2 protein chains.
Amino acid sequence: MDSKLLKDFYNRGDQIFLPHISVDCVIFGFHEDQLKVLLLKWRDGPWCLPGGFVKHDESVDDSAIRILQERTGLDNIYLQQFHTFGDPKREKGKKLPDTKSWINKRFISIGYYALVEFSKVNPQPDILSNECRWWDIDKVPALIYDHKLIMDKALESLRLDLNDHPVGYNLLPEKFTMPELQRLYETILDDELDRRNFQKRMLAIGILERLKERKTGGAHKAPFLYRFDKKKYARALKQGLKLGW
Amino acid sequence: MDSKLLKDFYNRGDQIFLPHISVDCVIFGFHEDQLKVLLLKWRDGPWCLPGGFVKHDESVDDSAIRILQERTGLDNIYLQQFHTFGDPKREKGKKLPDTKSWINKRFISIGYYALVEFSKVNPQPDILSNECRWWDIDKVPALIYDHKLIMDKALESLRLDLNDHPVGYNLLPEKFTMPELQRLYETILDDELDRRNFQKRMLAIGILERLKERKTGGAHKAPFLYRFDKKKYARALKQGLKLGW
DNA sequence: ATACTATTGTGTGTTTTTTACACATTGAAA
DNA sequence: TTTCAATGTGTAAAAAACACACAATAGTAT
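Residues numbered from 1 in each chain as written. Chains lettered and ligands numbered in written order. Predicted model: local features only at pLDDT ≥ 70, side-chain atom pairs only at ≥ 80, totals over all residues. Heavy atoms only, no water.

**Student:** Mind showing me how you'd approach the protein's contact with DNA strand C here?
**Tutor:** Around DNA strand C, a shell composed of 22 residues is seen, among which A:Arg196, B:Arg195, B:Arg196, B:Lys200 and B:Phe224 lie nearest. Residue A:Arg196 places a side-chain N or O atom 2.5 Å away from a base nitrogen belonging to DNA strand C. A:Lys221 has a polar side-chain atom sitting 3.2 Å from a base oxygen of DNA strand C. Listing elements by their share of the surface near DNA strand C, those giving two or more residues are α6 (195-205) of chain A together with α5 (178-189) and α6 (195-205) of chain B. Residue composition of the surface near DNA strand C, grouped by class: five nonpolar, six polar and 11 charged. (Near = heavy atom within 4 Å. Polar contact = N/O pair within 3.5 Å; in protein donor to acceptor, adjacent residues only side chain to side chain. Helix = DSSP H or I, 4+ residues; strand = E, 2+ residues; numbered from the N terminus. Nonpolar A, V, L, I, M, F, W, Y, C, P; charged D, E, K, R; others polar.)

See the structure below:
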């Protein structure tokens, strides 16, 4: 990354972006039975959440969409605003190279979480970072500022969302097995569920379609593959699901 | 209201407050079987939600607390941040007297809703308004900007909050009857509930205490008075209620 | 005073949902 | 071919939600 761009960003960012306002994204993925988050690493610095700023004539939602696009390469991401963090001390210890810059002022950050299909993501560092990769949710390293707090709040919101959104639709690949879906729920809820009752409940919602295929390759009996029935899914969502976990 | 204060507010507000950021509060109350919101009327203008701005070194939560205090005279209010509104066109039609002022810029607004005990509130207009009063939730007049949208979103959030918070505790006076509590739930949920099953369910939560007194005055059989048992209430809240409406 | 009315207090049986648990099946590995 | 560990399916018990009936009573009308 050349330093001209970076210098421009420090010096003229306030001509492009609203002051004092930032957007932070908690990007969730699911892979190999693990819930994961996408993190960035500052040049020679700590890890942090992917974030950005709001252009003067851009909606905050669009900012989040843009940031997501830049970090993952994906469009059409499932995105939820979950909380705004407004403590003046939330960036305690902030020290960026250019101390005069707009970027060293206090920021109020609007938090979004995103659900993405792990395999489709192509992680891209941003202008301030040189590394971008997935971390298991229970193994994330120390994060900058209050980003751990933001992540925890995102997870809590995701947990609540489980009550009226079949989040598997956004986190899993098109075809998946019942045990995979269950593991996803167990990770988010941080609890164990009975295999048979879980299956009954999921099928009772009536938005899953069982395929003829089975998932082979793993040891032991091969489980069936399922996929979301888009029509039934849309219909159910419109009527408002009541999952109740 | 003298115009010197107002002029100062227009001219020097940006020295006190963060630019582009506002806070709007949806204040809910309950009286005579009606859910109500507290609204302000602009001088010779439309009605709007009570709002304000964030001081440079103040947390956003504290701004909301301060605004609430100024409008209602109350401390220790139950307050929930529920959404941040960031559309650049959200203040369509904005035209305030001083067109050069910081206040005519785009604002991103952080929404809070508050639950208050109706009888304890002493409504106070703010610097921009000359009237402040309660409106029945289903009779609110046309509101400025996107304030109707904000109110609706607050109501939706309150409805969700019903699932893990006994909101009656914050909206009702210390002593209340079971029918009153039921009417509160029915208004928020916009649905009718069976009297007997409702009572069973509320009592099953185990945070209500039935008093010896009855509420007299109304026609017909006098209902018992109840009150929240603070110890059991705190205990239950810590464990996380699962009400499920 | 008395009867009336609308509302409260309480209980019971039915239906539905949730929970707990057992056994046969099967793909891969030993 | 046997073994292992995980999957597929069903059933009974417990709990929660739902529907509904009848007695009691504070004011109101007569």
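**Student:** Looking at this structure, how should I read the interface of chain A and chain B?
**Tutor:** A common way to state how big an interface is: give the accessible area lost once the parts meet. Facing the 25 residues of chain A at the interface are 24 residues of chain B. Summing the contributions of chain A and of chain B, the shared interface buries around 1,800 Å²; its carbon and sulfur component is 58%. Contact with chain B buries surface across chain A, with A:His20, A:Gln81 and A:Arg106 losing the most and accounting together for 24% of the total. Here chain A is connected to chain B by zero salt bridges. Broken down by secondary-structure element, the contributors of at least two residues to the side of chain A that touches chain B are β1 (17-31), β4 (51-55), β5 (78-85) and β6 (108-115) of chain A. With four residues, the single largest contributor to the side of chain A that touches chain B is β1(A). For the side of chain A that touches chain B, a count of residues per class yields 10 nonpolar, eight polar and seven charged. (Contact = heavy atoms within 4.5 Å. Buried area = accessible area lost by both parts, 1.4 Å probe. Salt bridge = Lys/Arg side-chain N within 4 Å of Asp/Glu carboxyl O.)

**Student:** Is there a simple way to explain the nonpolar core in this structure?
**Tutor:** One broad rule of soluble globular proteins: the nonpolar side chains tend to lie buried together. Among the nonpolar cores identified, the biggest contains 74 residues, and A:Phe9, A:Val23, A:Ile27, B:Phe9, B:Val23, B:Ile27 and B:Val116 are the most heavily contacted of them. In this structure, B:Phe9 is in contact with B:Phe17, B:Phe53, B:Trp102, B:Ile103, B:Ile127 and B:Leu128, ignoring residues within four places of it in sequence. (Core = buried A, V, L, I, M, F, W, Y, C linked by side-chain atoms within 4.5 Å. Buried < 20%, exposed > 50% of the residue type's maximum accessible area, 1.4 Å probe, protein only.)

**Student:** What exactly am I supposed to notice about a negative patch on the surface here?
**Tutor:** Residues and elements named next belong to chain A. Together, Asp 138, Asp 190, Asp 191 and Glu 192 make up a region of like negative charge exposed at the surface. With respect to the helices and strands, Asp 190 occurs in the loop between α5 (178-189) and α6. A residue is classified by how much of its surface remains accessible, and Asp 190, at 65% relative accessible area, is exposed. (Patch = residues over 30% accessible without salt bridge, like charges linked within 9 Å, V, L, I, M, F, W, Y side chains within 5 Å. Areas by Shrake-Rupley, 256 points an atom, 1.4 Å probe, with all protein chains shown as cover. Lys, Arg positive; Asp, Glu negative; His and termini not counted. Charge placed at Lys NZ, Arg CZ, Asp CG, Glu CD.)

**Student:** Just to check I follow, could you spell out the protein's contact with DNA strand D for this structure?
**Tutor:** Near DNA strand D you find 23 residues, and of these A:Pro179, A:Arg196, A:Lys200, B:Arg196 and B:His220 are the closest. Backbone atoms, meaning sugar and phosphate, make up 43% of the atoms of DNA strand D lying within 4 Å of the protein. At 3.2 Å from a phosphate oxygen of DNA strand D is found a side-chain nitrogen or oxygen belonging to A:Arg210. At a separation of 3.2 Å, a phosphate oxygen of DNA strand D approaches a polar backbone atom of B:Gly217. For the surface near DNA strand D, the elements supplying multiple residues, two or more each, are α5 and α6 of chain A together with α6 of chain B. When its residues are assigned to classes, the surface near DNA strand D shows five nonpolar, seven polar and 11 charged.

Just distances and angles here, no functional claims.
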